[in-house]
Amino acid sequence: MWAFFERLLDSSMLSPHGICLLWDPELIWLHVVSDACIAAAYFSIPFALAILVIKRRDLKFGWVYWAFAIFIMACGLSHVLSIYTLWVPVYGVEGIVKAATAAASVFTAAALWPLLPRVLTIPSPFELRQVKAALEEEEIKSRDAALLLQQVSDAQRALRASVARLTAIVETAVDGVILFDAHDRILLFNPACERLFGYRADEVMNRNVSMLMPEAEATPDSRARHFATGGEAIARRKDGSTFPMDLSVGQARQDGELIFVGIVHDLTARKLTEQQLQQAQKMETVGQLSGGIAHDFNNLLTVIIGNAEHLGEQLKERPELRRLADDICQSGERGAELTQRLLAFSRRQLLQPQSIDCRSLLDSMFKLLKRTLRENIEIRTTSGHGTVLAFADRSQLESAVLNLALNAQDAMPSGGHLTLSTELAAIDDDYRALHPEVAPGSYALISVADDGEGMTPDVIERAFEPFFTTKEVGKGSGLGLSMVYGFAKQSGGHVSIYSEAGLGTTVRIYLPRASTGQSHVDLPEGEDTAPRGYETILIVEDDPFVRSSVIRRVEALGYRVVAAVNGKDALQQLRSDPSIDLLFTDIVMPGGMSGWELADQARRVRPGLPVLFTSGYALETLVEQGRAQAQAIVLTKPYRKVELAQRLRDALAVAAVAT
């Protein structure tokens, strides 16, 4: 083998290739330049391929590029040797190079053909552009899809938020919300409905909505059309009890099916308020009627008592006849007490409010009640902490407590316990919701409680009505509780009854609180102590019987009297008679001019003229008209002679101080 290579490489016997070209310079240089250019081109290709493979390591079939580079390099080397063999005959080396080139070319060609199908799968630039365009289109679609997905996601999020808000509204709604389908099956039952009806939601779901309305079950053909129509209806709870409700119904379609939404509002509180308002209006109407009757009756009693008193004075020498006159007078006073109760109920009585120590009042009432009530009634008094001061008429309050104590005694025929208590109490908005006529705030509370027979609900409902009584005929007038009611209302307070049959009764009187006050001096009793006078009195009274009686009584007190039948007549008397010292006028008179208006006009004619008012009504009526004056002196009909005498002197004394 070595000898073969020695002989192959031995070029001593060979001639250079230039001899074949006869050393023609042009021909030689033509081969030299051509082979040099080819060799340079060949040598540059492997470098380019090497750079490509090194820089692009992601290229497939990289080894093919290296094999092709070796093949090209060998081709370039063979052209270099062709130049060299023009002068040096190294044909053996050139052959070896060509053999290597041939091997490289064969290997490259043999490897390339199997790779050709795989190489053909490599996309062309046109295909790449199509792919790129397709990718761009897909990217646009992807972006659109992403945007659509974002919109869907936002819509779903908004829907979830809306559903959450709607659920929160339904779950926290004060009113009941019921959703049911066209077959009256309940689909939704919110917590408010659970509280109203007493059912849990799972107990009524998919059941017929008519189970909640007794009216619907009574008319099965209508199914739940009561719900479809709405309005006021009666609802039934799980325990069988019923309550009034206001139903608002709307309808809609869901997936083509008709559904109904019912809003249930409990009307129990409103119905109670309406009943209380109707009761208050009824009581007010009865009060106005009884007040009017009492006013007219007081005029009659004024004549009866006045004439009886005058008759008694004339019969001093006839004791047996004077006793008859005194009996007439006492009977008239008893009638006056009844009218005072009527006026108390109608809130038309004349009150003289003052600061009252409720604890001291109950202590004084304790002694009175001990002497008044039966011995088998045990009386107890209790008081809260601190001083309890009420602003009210003391005599009326004592009368109210006495009335309640007597009622309690009647409710305990076999004896029992009577408890009088006082404390400070507050009426809040919750209590006012049940009793809207009461103003919230702090009150002085006096309670009268017994452990007697108690009252049934229907008796409690009518307890304050005048002339209503459960006692036998002749044992009660039915005005006791109505007087307490009217007194409390007129005083700016409130009265309530808590009672159950067989468990006793507690009556609570709420009165306005007061911090200070003074007592009124009682009028002296007895006709011999009645103060007299010499002044001229203008008496204005439209009722002729009352007018003649008053004139006689005033003249008996030493006064000079001028009479008038109405306001117009009184003004004429004032203008014509300058000696008039006092105006004594009825408040309510026909002819378009009341006593208040007469007093105003009289003082324009005679400034500083003292005025004494009289009426079967009380000052409160005039306060409601906005015509009452703080310094006004009012004498309530009917009155005794001593009261008339004292009020006349009071009116004249006030005028004297003012001047």
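Residues numbered from 1 in each chain as written. Predicted model: local features only at pLDDT ≥ 70, side-chain atom pairs only at ≥ 80, totals over all residues. Heavy atoms only, no water.

K.L.:
Explain the pairing of strand β11 (residues 494-500) here, please?
P.N.:
Sheet faces and side chains relate simply in a regular strand, where the side chains alternate between the two faces. By the criterion of burial, β11 is predominantly enclosed, with five of the seven residues buried. With antiparallel pairing between neighbouring strands as the criterion, β11 and strand β12 (residues 504-512) make up a hairpin whose turn holds three residues, including Gly502 at a positive phi of roughly 85 degrees. (Buried < 20%, exposed > 50% of the residue type's maximum accessible area, 1.4 Å probe, protein only. Helix = DSSP H or I, 4+ residues; strand = E, 2+ residues; numbered from the N terminus. Pairing = 2+ DSSP bridges.)

K.L.:
How do you make sense of helix α3 (residues 25-55) when you look at a structure like this?
P.N.:
Three- or four-residue spacings in an α-helix give side chains the same orientation, since the helix completes a turn every 3.6 residues. Between the first and last C-alpha of α3 there are 44 Å, a value that for 31 residues agrees with the 45 Å anticipated at 1.5 Å per step. Those residues of α3 that sit buried are Ile28, Val32, Asp35, Ala39, Pro46, Leu49, Ala50 and Val53. (Expected span 1.5 Å × (residues − 1).)

K.L.:
How should the pairing of strand β10 (residues 441-450) be read in this particular structure?
P.N.:
The buried fraction of β10 is high, at eight of ten residues. As paired strands, β10 and β12 are joined by eight bridges and run antiparallel to one another. Its bridge partner lying in β12, Tyr443 is registered against Pro512.

K.L.:
Where do I start with the packing of aromatic side chains in this structure?
P.N.:
Two measures describe an aromatic ring pair: the distance that separates the ring centres and the angle between the ring planes. One pass over the full model with this rule turns up five aromatic pairs. Here the aromatic rings of Phe180 and Phe260 are separated by 5.3 Å at their centres, their planes lie at 15 degrees, and the arrangement is stacked. With Phe180 in strand β1 (residues 176-181) and Phe260 in strand β5 (residues 257-266), this residue pair connects regions lying 80 residues apart in the sequence. For the pair shown, Phe180 and Phe260 are each scored as buried. Here Tyr443 and Tyr510 contribute two aromatic rings whose centre-to-centre distance is 6.2 Å and whose plane-to-plane angle is 85 degrees, an arrangement assigned as edge-to-face. (Phe/Tyr/Trp six-rings, centres within 6.5 Å; stacked < 30°, edge-to-face > 60°.)

K.L.:
Would you explain the side chain of Thr422 in this entry?
P.N.:
Within the fold, Thr422 resides in strand β9 (residues 416-427). Note on Thr422: relative accessible area 2%, which makes it buried. Looking at Thr422, its side chain comes within polar contact range of the main-chain oxygen of Leu445, at 3.1 Å. When neighbours within four sequence positions are excluded, Thr422 is seen to be in contact with Cys358, Arg359, Leu362, Thr382, Ser383, Gly384, Val388, Leu445 and Ile446. (Polar contact = N/O pair within 3.5 Å; in protein donor to acceptor, adjacent residues only side chain to side chain. Contact = heavy atoms within 4.5 Å.)

K.L.:
Can you walk me through the pattern of salt bridges in this structure?
P.N.:
Opposite charge on two side chains lets them pair, provided their charged atoms get close. Under the defined criterion, the tally for this structure stands at eleven salt bridges. Of the charged contacts in the structure, one is a salt bridge between Arg143 and Glu139, with a shortest N-O distance of 3.3 Å. In this pair, Arg143 and Glu139 are both assigned in helix α6 (residues 125-172), four residues apart and thus about one turn of the helix distant. Look at Glu139 and you get partly exposed, because its relative accessible area is 45%. Salt-bridge contacts for Arg200 lead to Glu203; the nearest nitrogen and oxygen are separated by 3.6 Å. Taking the relative accessible area as the measure of exposure, Glu203 reaches 21% and is therefore partly exposed. One connected set of salt bridges, linked through shared partners, spans Arg200, Asp202, Glu203 and Lys238. (Salt bridge = Lys/Arg side-chain N within 4 Å of Asp/Glu carboxyl O.)

K.L.:
Explain unusual backbone geometry here, please?
P.N.:
The bulk of non-glycine residues show a negative phi, and the bulk of peptide bonds are trans. In this structure, Asp184 is a non-glycine residue whose phi angle is positive, near 65 degrees. Unusually for a residue other than glycine, Asn206 sits at a positive phi of about 70 degrees. Mapped onto the elements, Asn206 comes out in the loop between α8 (201-204) and α9 (214-218).

K.L.:
Mind showing me how you'd approach the sheet that holds strand β7 (residues 377-383) here?
P.N.:
By way of backbone hydrogen bonds, the strands of a sheet pair with one another, either parallel or antiparallel. Strand order in the open sheet made by the five strands is β7-β9-β10-β12-β11, with mixed pairing throughout. What marks the edges here is a single partner per strand, and that holds for β7 and β11. When strand polarity is set aside, the average angle formed by the axes of neighbouring strands in this sheet is 20 degrees. In this fold helix α14 (residues 394-410) packs onto β7, β9, β10 and β12, with an angle of close to 35 degrees to the strand it touches most, β10. (Axes fitted to C-alpha atoms, helices over the stretch in contact; angles between N-to-C directions.)

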